[in-house]
Structure formats: structure tokens, C-alpha cells
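Commentary on secondary and tertiary structure
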Amino acid sequence: MIADHGGIAVGHAEQVHHHAPPRTPAAWPHQVGVIPPRAQSFQHRSEADRVRAAAGAGGTAVLTQVLTGTGGVGKTQLAADYARAAWDGGEVDVLVWISASSRSAIAAGYAQAGVEVLAADPGDPEQAARAFLAWLEPKAGRRPCRWLIVLDDLADPADLRGWWPPAGRHGRTLVTTRRREAALTGAGRRRVAVGLFTPRESAAYVTAVLASHDRDEPADQISGLAADLGHLPLALAQAAAYLIDADLTCASYRELLAGRIRRLADLLPESGALPDDQTATVAATWSLSVERADRVRPSGLARPMLQLGAFLGPNGIPASVLTAGPALAHLGEHRTAAADGGTGEPAAVSAEDAGLALRALHRLSLIDHTPQDPRQAVRVHQLIQRATRDTLAPDQFDRIARTAADALVSAWPATEADAALAQTLRSNAEALTAYAGDALHRPDAHRLHQRVGESLGNSGRPGAAVLHFQRLADGAARRLGSGHPETLALRAHLADWRGKAGDAAGAAAELEELADALGRAFGTDHPGVLATRHNHAYLLGEAGDAAGAVAAMEHLLRDETRVLGPDHPGVLATRESLASWRGKLGDAAGARAAFEAVLEDQLRVLGPDHPRLLITRGNLAYWQGRSGDTAGAATVFAALVEDNLRVLGPDHLDTLTARNNLAMCRREAGDAAGAATAFTELLADRARVLGPDHPDTLVTHNNLALCRLDEGDTAGAATAFAALLEDYGRVLGPAHPDTRAVRDNLASCRREAGDAAADTAEEAAGDAAGVAAGDANGDATGDAVADTAEVAAGGTAEDAPENTPRDAAGDAEQSSDS
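This report concerns the structure included in the present document. Model, not experiment: these values are computed from the prediction.

Examining the overall build of the chain
- A tally of regular secondary structure across the chain gives 33 helices and ten strands.
- Long-range pairs, those at least 24 residues apart, make up 68% of the contacts in the chain between residues at least 6 apart in sequence.

Next up, the structure:
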């Protein structure tokens with residue numbers, strides 16, 4: 001009888017044997033599986049050239065290439081382009097395209113190839129698959145077959161164990177995957193990283209897609225859209241489809257994308273309207289990868305780590321932030337369910353565990369993790385960040401945003417010896433602030449805002465710190481009112497940096513008003529009021545009113561002693577400031593005696609190992625020199641350098657300042673050559689630690705130029721001052737007192753050299769700069785920057801560095817990083 005499948009059935013009715021007709025192997029060339037269609041407006045990319053060139057470089061040896069990259073970068077399209085070109089060009093006899101989403105799918109693909117190419121029995125797929133792999137092995141005397149196997153979207157490297165195509169003279173293998181495990185490379189396999197579109201490729205792609213729908217958009221809007229989407233090919237395709245279907249312009253779509261009201265998924269086509277036969281939106285592309293990463297040991301940490309990274313800078317997160325205490329606590333608290341061994345209790349997470357979680361995310365191409373670059377160890381694509389944040393409930397969103405801020409503050413070094421790290425931390429804080437919205441102001445303003453402003457100012461950009469605190473103060477006044485404690489505290493920081501930026505008079509006036517406002521709100525004896533009065537007195541002196549500063553400090557000292565007691569650190573700090581301003585009024589010996597008395601009390605109250613004593617000893621040495629004992633001051637400064645090296649280390653700012661003071665003593669003692677050598681060595685270290693534009697670095701340039709002048713090299717000093725004047729003008733502005741002082745130093749050099757014309761022009765430029773800026777500080781003296789015997793508080797002795805402002809928020813101890 002005839003069987004229903006076309007074969008012949010033989011035997012008794014109760015026992016029938018089926019004999020299928022013999023199958024015929026497919027003729028070459030033959031393709032198994034379907035190559036995905038070419039995407040609309042497909043862009044040729046450099047990665048395609050690399051794959052093709054590597055295949056050519058392989059000669060007759062087999063070359064297995066593994067295309068890796070995050071979801072949405074276009075790995076499948078690159079593989080399809082390569083396969084289609086090989087097929088159309090007659091380069092292969094057998095082409096097999098397999099969807100490698102699972103081990104069973106891989107085996108099924110090989111089995112289908114065995115059935116079609118070898119006429120293997122379809123009833124035994126395992127045997128058919130094994131037979132096909134064996135057939136790929138080169139065999140003597142058999143007609144060679146040029147084959148290409150494409151394993152697309154490999155989900156797990158373990159799925160290919162035992163299923164890798166063999167090495168052969170005429171075979172090629174191409175794998176696409178998001179995974180980056182070591183198992184995918186080696187043994188003749190080459191990894192090819194597939195990245196994002198270049199800006200030019202992005203713009204060309206979007207332009208072509210829109211043109212195919214008779215749409216024409218401004219080039220700058222297209223480039224802006226590409227940048228907003230991080231040049232991710234899949235995102236560009238889906239965004240273009242959405243704005244075409246919704247009849248939006250690029251500009252209006254970008255406005256929607258920039259807002260926080262809509263999720264990313266809401267700004268992409270629905271699944272039925274995706275372009276190019278795509279099956280998932282970009283927002284859903286990474287969900288499976290996150291699930292897989294979360295199962296990698298230590299299990300349950302990848303997702304909360306990615307959630308934390310989603311709030312930080314996409315272009316580089318320091319390793320120290322993601323392994324800081326708040327980050328580890330977050331990982332332990334939010335470890336994925338069931339990863340705690342079923343106890344329900346959060347397990348302690350170590351820095352090593354956090355590092356392994358980062359590696360798991362890296363292996364799934366959800367982040368780029370480069371531990372060898374600790375400043376920017378982690379990079380996360382901005383759309384992965386957006387999609388991750390979109391999954392969070394409102395309370396989760398706010399909590400993780402503040403945790404990210406906690407981690408940044410925790411990782412931020414008290415002394416920013418690494419300028420590059422400080423810049424990266426500020427960039428991360430800027431990104432977090434943009435992402436978090438009001439979360440960093442609920443229930444109160446996060447400490448991160450203040451830390452960023454301090455970092456800006458301490459990096460040598462006091463003007464930027466002023467703008468930062470001005471924005472914060474204005475925002476607080478709008479949200480909370482002008483009399484709210486947060487607003488008042490921000491006004492105090494604003495005034496502090498306004499003074500450091502050169503507007504001492506304006507800052508003093510602001511602090512006088514602020515002290516009255518604080519007194520009305522909290523009472524005149526509140527520590528914040530006392531600290532504000534201290535800072536007001538300090539800035540009076542900075543503005544040129546040393547007598548007013550002394551009077552204000554004397555009044556403050558009486559009130560502080562009554563309220564806080566004579567041994568309070570704030571009282572001791574005010575005694576130091578009062579001594580300094582009395583010295584500036586001409587009583588150097590009295591200032592020295594006052595500092596000796598303060599030092600004795602600090603030893604008794606704070607103990608001999610307190611860092612504040614190093615600062616006070618420096619101030620005492622300074623006034624010791626000013627009172628005529630230059631040699632004794634030099635001896636004290638030399639001892640201070642050694643003590644700072646031992647206690648704080650060679651790159652601490654106070655150590656560098658102590659070295660400056662010692663060099664200045666040498667100069668004042670007449671050893672210009674020794675001072676020049678010391679300043680040259682200090683300049684190299686300050687430029688390395690603080691950066692070339694930090695005010696302390698610029699001051700060292702100035703002091704070195706003065707040493708040249710002392711040695712008789714007037715022309716060399718003039719050249720140095722001219723270059724320095726450009727730097728000061730660029731960094732601090734033309735009307736800053738330090739800029740004016742350097743301009744006066746240059747004019748003095750030129751007068752000494754007989755260059756009257758240049759001297760006159762320089763003075764005219766200085767006058768114009770002062771008038772244009774509305775400078776109310778008066779003329780700077782020629783030595784205001786030059787004769788800088790800095791003390792450990794971080795300023796210059798001519799400008800009373802020992803007189804640094806106090807924290808108006810109520811911290812009575814004198815700030816050591818002002």
C-alpha cells in the first residue's frame with residue numbers, strides 16, 4: 001500500500017514497516033536557512049571591511065570570527081551583509097544561517113543542513129547534525145567544499161560546546177553575540193568588536209530613511225537626534241520610524257525624548273510597526289541580557305549594579321564610586337530575590353563582589369568595564385541607562401538617585417590630588433543631577449551639590465563655583481523661599497566663592513546681609529551666624545579694610561567666647577584671624593606673639609597630632625619672618641615640610657604649600673638661585689597634582705619669575721610674566737586682583753628693562769579691564785601675588801591665608817581646604 005508520506009508500507013496490517021524514498025543530496029551551491037533581509041538604508045561600515053579583510057588574510061586556513069557588541073549595534077546586519085556578498089560573489093558552495101538563541105536551536109540548524117546537504121534522515125536530527133559537522137571536516141580525495149556557517153545571536157557560549165564548526169582549508173565561520181567571554185576567542189577564533197555608528201554614519205542613515213519617505217529635516221537636527229540616541233543603529237531605525245508614523249519633526253521628537261514624562265518605550269513604534277522585520281523595541285532589547293547577567297555569579301547583583309550605573313555618567317564612572325560603601329549597601333539591599341539563599345535577609349556584598357557584578361554586565365555587553373582605567377572604569381550607553389531608569393517605580397527612582405549621590409560623595413577625595421579623577425567625578429555629578437530631577441532635593445538638598453561647587457573652586461575655577469552656587473541658591477529660593485535655611489546656606493557658599501573669585505567687597509556686603517537674615521531666623525548666637533560674621537570680617541580685610549576686619553574680629557571674639565567658651569576650635573580660629581589682620585596693620589611682633597599663644601592653647605585642647613597645628617605653626621613661622629627672624633622662620637618651615645611629608649604625604653596640598661613657604665624664605669634671605677630651584681621642582685609637582693591652571697600652580701610660576709628677576713634676568717622674567725598674564729586672564733579673568741598684580745609685575749619688569757612703550761600699553765590694558773569689569777577693589781600692588789609665602793590653609797600669606805573663611809553652615813572649625 002502507499003503510505004501517506006509517499007513511501008511504500010510493507011508487512012502485516014498489525015506491523016507495518018515504512019520505507020521512505022531515498023533522498024538526494026542538494027546540488028551546490030546550496031543555502032540552508034534564511035539570511036535576514038537587508039535593512040532599509042543599510043550603511044556600509046568599517047567593521048564589514050575588517051571582517052572581509054581578516055577572512056582574506058586567512059588564506060586557505062579556516063578563520064572563525066566572532067562579532068560582539070551590545071544589542072542594537074547591528075551585528076546581525078553586518079553578518080548578513082557579509083554572507084550575502086559571499087553568496088552573490090560565488091565565494092561559497094554551502095551557506096548555512098542558524099539562529100543560535102539556544103543549544104537546541106543550534107543543533108536543529110545543523111540537523112537541517114545535514115538533511116538538505118547530505119540527505120540525512122530527518123527522523124534522527126541529532127545524528128543528522130553530527131553527520132553534517134563531520135562532513136565539514138576536510139577529507140583527502142573528496143571534492144573540496146567552500147562553506148560558510150553563520151551562528152547568529154549566540155545567547156550563551158556554553159551552547160556551542162561540542163558544536164563549533166571544525167577547522168578546514170575552505171571553511172569560514174561567523175558568530176554574532178552580545179557575550180564577551182574568553183571561551184569565544186582563541187583556538188583560531190578572532191573577536192571583532194562592533195560599535196556604534198560614527199556621527200557621519202548616523203546622520204547619513206537618518207537622512208536616507210527620511211528621504212525615502214519624502215522627508216527633509218535640517219542637518220543640525222538630524223545630527224542632534226543621532227547624538228541624543230547615542231548613535232545606536234537600532235534606536236535610530238526605530239526613532240525614525242516613529243517620527244515618520246507620528247508625523248513629527250526631528251526637533252519635536254527630540255523635545256519629547258529630552259523630557260522625563262514619557263518612557264523610552266513610549267517614543268518607539270509598537271511591536272507590529274517595527275521597521276526591517278525587527279522583533280523587539282530597543283527598550284526591550286536588553287531585558288534578556290540583564291536577566292542572563294543577573295544569573296552569573298555572584299548572582300542577583302548585576303541588575304542592581306546596572307540600576308546604580310544608570311544614574312551616573314555614560315562616558316566613564318570611576319571604579320571607586322561603584323565600590324564605595326553606599327554602593328555596596330545598595331547591592332546587598334536590592335540583590336535580586338532568591339539570590340540570598342532563601343533567607344530573605346540582605347547578604348553583605350564586598351568590593352570584590354561588586355567587581356564581579358561589573359564583569360557579568362561586561363560579558364553581556366551591557367557595559368564596558370575597563371579596570372585598568374580606574375578613573376573611567378565603567379561606561380554605559382545612554383539608552384541602556386534610560387531604559388533601565390524607565391523600569392523603576394517612583395520611590396525606587398528617588399532612592400537609587402540619592403544612593404548614587406551618596407556613592408559619589410563617599411568616593412570623592414577630601415584633597416583632589418588627581419585632577420583627572422576630580423573632573424570625572426564632576427561629570428558624573430552633572431549627569432546624575434540631570435537624570436535625578438528633584439530627587440536630590442527631597443527631603444532636603446543632597447550634600448553632592450555643595451561638593452561639586454567646592455571641587456570647581458578648588459580646581460582653580462572660582463568663577464565656575466560662583467555660577468554653580470548662584471544657580472543652586474536661585475533654585476532653592478524658588479522652591480523653598482528666600483528665608484529657608486537651605487537657601488541661606490547656599491548664599492553663604494556663594495559669597496565665599498565670590499570673594500575667592502576676586503569680588504571681596506561684594507562678597508563682604510552679601511555676608512553682612514546674610515548674617516542679619518540668619519540672626520533673625522535662628523538668633524544672633526547661632527553658630528552659623530557666628531561663622532558668617534567671621535567670614536564677613538575676613539572679606540572686609542580682603543577688600544582692603546584691614547582696620548575694619550580687626551574691629552569686626554574683636555567684636556566677634558567676645559561673642560564667640562561668651563557663647564562657645566574660650567577653648568572652642570572656632571574661638572581659636574578667630575584668634576588666629578585677628579592676629580593675622582593685626583599683623584597686616586603693621587604689628588608683626590604682636591601677630592607672632594598672638595600665634596604663639598594660640599599654638600599653646602591648641603596643643604592643650606586639640607593634642608599634638610591634630611592637623612590644625614601644622615597650619616598654625618606655618619602661620620607662626622610666617623609672622624616670625626615678618627618680624628625680622630628670617631633664618632628662624634626658614635628653620636621652622638623646613639621642619640614643617642618634613643612633618644607634612646610624614647603626616648600627609650608628598651602630594652597633599654598642605655605639603656606643597658609648606659614647600660612654597662620654605663622657598664619663599666630662601667628668596668627673602670637672598671638665596672635667589674636656591675629659591676628658583678625649589679620653585680622649579682614645586683612647579684612640576686603642582687602642575688602634576690593640581691593641573692596647569694590651578695591658582696596655586698600659577699602662583700608658583702609667578703614666584704619663579706620673581707626669582708629670575710632677583711638673579712638679574714629681567715628679560716626672562718618679563719617673558720615669564722607676559723605668558724603668565726595670559727594664563728591668569730584666561731583662568732580668573734582680566735579684572736581679578738591676582739591678574740592685575742601679575743600685570744603690575746610685568747610692567748615693573750619692562751620699566752626696569754627700559755621698555756616704556758610696552759609698559760604704558762600694559763597699564764592702559766589693565767585700566768580698561770578694571771573699568772570694564774566694574775572693579776571696586778582698587779589697584780593691586782606689584783607684590784600681591786609675587787611675595788606669596790603661602791600657609792597650609794591654601795592661600796597666600798600676603799592675602800592672609802591663615803585667615804580663611806569658616807563654614808557658615810555652623811562648623812566652627814576653620815576650613816583647611818579654603
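So, the side chain of Thr-574
- Structurally, Thr-574 is set in helix H24 (residues 569-584).
- Among the polar contacts listed, one links the side chain of Thr-574 to the side chain of Glu-560, at a separation of 2.5 Å.

Notes on unusual backbone geometry
- In this structure, the amide linkage connecting Arg-297 to the following residue, Pro-298, adopts the cis form with an omega of -5 degrees.
- With respect to the helices and strands, the residue Pro-298 is situated in the loop between helix H10 (287-295) and helix H11 (302-309).
- With an omega of 0 degrees, the peptide bond running from Arg-442 to Pro-443 counts as cis.
- Locating Pro-443 in the fold gives a position in the loop between helix H17 (419-436) and helix H18 (447-458).
- Within the chain, Ser-41 stands out as a residue other than glycine whose phi angle is a positive 55 degrees.
- Following the sequence through the fold, Ser-41 ends up in the loop between strand E3 (30-32) and helix H1 (46-57).
- In this structure, Ser-365 takes a positive phi of about 60 degrees despite not being glycine.
- One can find Ser-365 in the loop between helix H14 (351-363) and strand E9 (368-369).
- According to the relative accessible area criterion, Ser-365 is buried, its value standing at 5%.

A short note on the sheet that holds E3
- Across the sheet, six strands lie side by side as E3-E5-E6-E7-E4-E8; this open sheet has parallel pairing. Edge positions in the open sheet fall to E3 and strand E8 (189-193), since each of these has one partner strand only. The mean inter-strand angle of the sheet, taken between neighbouring strand axes irrespective of direction, is 15 degrees.
- Where E3 lies against strand E5 (residues 94-99), three bridges are found, and the strand directions are parallel. Counterpart to Val-32 in the pairing with E5 is Val-96.
- Across the face of the sheet, helix H3 (residues 103-118) comes into contact with E3, E5 and strand E6 (147-154) while running at roughly 155 degrees to E5.

Topic: the nonpolar core
- Counting residues in each nonpolar core, the largest one holds 110 residues, and the members touching the most others are Tyr-253, Phe-311, Leu-432 and Leu-448.
- It is helix H7 (residues 233-245) that contributes the most residues to this core, nine residues altogether.
- Ignoring any residue separated from it by four or fewer positions in sequence, one finds Leu-448 in contact with Ala-405, Leu-408, Val-409, Trp-412, Ala-429, Leu-432 and Leu-440.
- Judged by nonpolar contacts, the second largest core, of 30 residues, contains Val-32, Val-66, Ala-129 and Phe-132.

Some words on the environment of Asp-156
- Position of Asp-156 relative to the elements: it lies in the loop between E6 and strand E7 (171-177).
- Using a relative accessible area of 23% as the deciding quantity, one classes Asp-156 as partly exposed.
- Taking the C-alpha atoms as reference points, Asp-156 and Arg-180, 24 residues apart in sequence, are found 9.9 Å from one another.
- The contacts of Asp-156, once residues within four sequence positions are left out, are Arg-179 and Arg-292.

Considering the side chain of Arg-451
- Mapping Arg-451 onto the fold places it in helix H18.
- Aside from chain neighbours lying at most four places away, what touches Arg-451 is Trp-412, Pro-413, Ala-414 and Glu-416.

Re helix H4 (residues 125-136)
- With twelve residues, H4 extends 17 Å from end C-alpha to end C-alpha; this agrees with the ideal 16 Å at 1.5 Å per step.
- Those residues of H4 lying buried are Ala-128, Ala-129, Phe-132, Leu-133, Trp-135 and Leu-136. For H4, the angular spread of the buried residues around the axis is 160 degrees, confining them to a single face.
- In this fold, the buried residues of H4 make contact with E5, H3 and E6.

Examining the pattern of salt bridges
- Applying the stated criterion to the full structure yields 42 salt bridges.
- Two residues, Asp-685 and Arg-659, come together in a salt bridge whose shortest N-O distance is 2.8 Å. With a gap of 26 residues between them, Asp-685 in helix H29 (residues 672-690) and Arg-659 in helix H28 (residues 653-668) connect regions that are remote in the sequence.
- Note on Asp-685: relative accessible area 22%, which makes it partly exposed.
- One salt-bridge network, in which partners are shared between bridges, spans Glu-416, Arg-447, Arg-451 and Glu-454.

Quick word on the packing of helix H21 (residues 504-522) against helix H22 (residues 527-542)
- As a packed pair, H21 and H22 sit with axes 8 Å apart at the nearest point and diverge in direction by 160 degrees. Here H21 is positioned roughly antiparallel relative to H22, judged by the angle of their axes. Every pair of crossing elements has a handedness; the one defined by H21 and H22 is left-handed. For the pair H21 and H22, the contacting residues are Ala-504, Ala-507, Ala-508, Leu-511, Glu-512, Leu-514, Ala-515, Leu-518 and Gly-519 in the first and Gly-528, Val-529, Thr-532, Arg-533, Asn-535, His-536, Leu-539, Leu-540 and Glu-542 in the second.
- For the contact of H21 with H22, the class distribution of residues is ten nonpolar, five polar and three charged.

A word on the packing of aromatic side chains
- Applying the stated criterion across every chain yields a total of eight aromatic pairs.
- Here the aromatic residues Trp-28, Tyr-110, Phe-132, Trp-135 and Trp-163 are joined through ring pairs into a cluster of three or more.
- Here the guanidinium or amino end of Arg-130 rests over the ring plane of Trp-163, the centre of that ring lying 3.8 Å away.
- The positively charged end of Lys-500 is found above the aromatic ring belonging to Trp-497, 4.1 Å away from the centroid.

What counts as what
- Residues numbered from 1 in each chain as written.
- Predicted model: local features only at pLDDT ≥ 70, side-chain atom pairs only at ≥ 80, totals over all residues.
- Heavy atoms only, no water.
- Helix = DSSP H or I, 4+ residues; strand = E, 2+ residues; numbered from the N terminus.
- Contact = heavy atoms within 4.5 Å.
- Polar contact = N/O pair within 3.5 Å; in protein donor to acceptor, adjacent residues only side chain to side chain.
- Buried < 20%, exposed > 50% of the residue type's maximum accessible area, 1.4 Å probe, protein only.
- Pairing = 2+ DSSP bridges.
- Axes fitted to C-alpha atoms, helices over the stretch in contact; angles between N-to-C directions.
- Core = buried A, V, L, I, M, F, W, Y, C linked by side-chain atoms within 4.5 Å.
- Expected span 1.5 Å × (residues − 1).
- Arc of directions from axis to C-beta.
- Salt bridge = Lys/Arg side-chain N within 4 Å of Asp/Glu carboxyl O.
- Parallel < 35°, antiparallel > 145°, perpendicular 65-115°, else oblique.
- Left-handed = near helix turned anticlockwise from the far one by under 90°.
- Nonpolar A, V, L, I, M, F, W, Y, C, P; charged D, E, K, R; others polar.
- Phe/Tyr/Trp six-rings, centres within 6.5 Å; stacked < 30°, edge-to-face > 60°.
- Lys NZ or Arg CZ within 6 Å of the ring centre and 35° of its normal.

The analysis is restricted to geometry; functional conclusions fall outside its scope.
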